Amino acid sequence: LFGILIVFHFLDKPEVNFIFFFSIMLTIYLIMLLVVISRILLINGSNQNNNKLSKSNLRLSNDIEKIQLLTSKLQEQKEKILQQHNQIKEKNKDVTDSINDAQRIQPALLPSNSYIETILDNYFVLYKPNDIVSGDFYWIKQKKEKIIVVGGKQIYNLFLDYVDELLVSIIK
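Residues numbered from 1 in each chain as written. Predicted model: local features only at pLDDT ≥ 70, side-chain atom pairs only at ≥ 80, totals over all residues. Heavy atoms only, no water.

### Quick look at the overall build of the protein chain
Reasoning step 1: The helix and strand inventory of the protein chain stands at four helices and two strands.
Reasoning step 2: Helices (α) and strands (β) of the protein chain occur, in sequence order from the N terminus, as α-α-α-β-β-α.
Reasoning step 3: Within the span of the protein chain, comprising 172 residues, buried residues form 9% of the whole.
Reasoning step 4: Surface exposure of the protein chain reaches about 15,100 Å², of which carbon and sulfur atoms provide 62%. (Helix = DSSP H or I, 4+ residues; strand = E, 2+ residues; numbered from the N terminus. Buried < 20%, exposed > 50% of the residue type's maximum accessible area, 1.4 Å probe, protein only. Areas by Shrake-Rupley, 256 points an atom, 1.4 Å probe, with all protein chains shown as cover.)

### Details of the pattern of salt bridges
Reasoning step 1: What the rule picks out here adds up to two salt bridges.
Reasoning step 2: Measuring nitrogen to oxygen at the nearest pair gives 3.0 Å for the salt bridge that ties D97 to K93. One end of the pair, D97, and the other, K93, are both in helix α2 (residues 14–109), four residues apart, so they sit about a helical turn from each other.
Reasoning step 3: You can call D97 partly exposed: its relative accessible area is 32%.
Reasoning step 4: The partner of D101 in a salt bridge is R104, and the shortest N-O contact between them spans 2.2 Å. With D101 and R104 both in helix α2, this residue pair falls three residues apart, about one helical turn.
Reasoning step 5: Accessibility expressed as a relative area gives 36% for D101, which makes it partly exposed.
Reasoning step 6: Under the relative-accessibility criterion, R104 is labelled exposed at 58%. (Salt bridge = Lys/Arg side-chain N within 4 Å of Asp/Glu carboxyl O.)

### Some points on a nonpolar patch on the surface
Reasoning step 1: On the surface, a nonpolar cluster with roughly 570 Å² of combined accessible area is contributed by F22, L26, L30, L33, I37 and L41.
Reasoning step 2: Relative to the elements of secondary structure, I37 occurs in helix α2. (Patch = residues over 30% accessible without salt bridge, like charges linked within 9 Å, V, L, I, M, F, W, Y side chains within 5 Å.)

### Overview of the confidence of the model for the protein chain
Reasoning step 1: On average, residues of the protein chain score 78 in pLDDT, and 78% of them are at 70 or above.
Reasoning step 2: Across the protein chain, element-level confidence peaks in helix α3 (residues 113–119) with a mean pLDDT of 86 and bottoms out in helix α1 (residues 2–10) with 50. (pLDDT = per-residue confidence, 0-100.)

This is the structure in structure tokens:
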């Protein structure tokens, strides 16, 4: 600005000096105005970007909370499934142990081949359990001249009949 005043002082005609000075000042003010406007626009744009970033951060924050909630629920479900798996595993072991016990008990309930040979001369027994134990039982008994042979899948009834017959023979 000081340089402009010096130039203004050395010019001969005051009207031209005033117009020249006025145009220089107007140019300076316009440049300053442009700088201020661009600065305002930059700040405003920066604020808009900050607002957009804030909104994005808020959405991300909400999404993170949802993911954490879902992760927590999944962890609870996983623990529940593991607990159920362990219960099933334990019950499966109990069932398998019971079946293995039945495998040892079942042959004791069936009549032996030597006993059958005392009753029948010519016979065969086809006894093939499908899995560990069979649902089939057979029973043979000779009463005087009659031979009674029972077989089939009537496990409970046959077992009760067997126990009944055993008790009757013990009592007599």
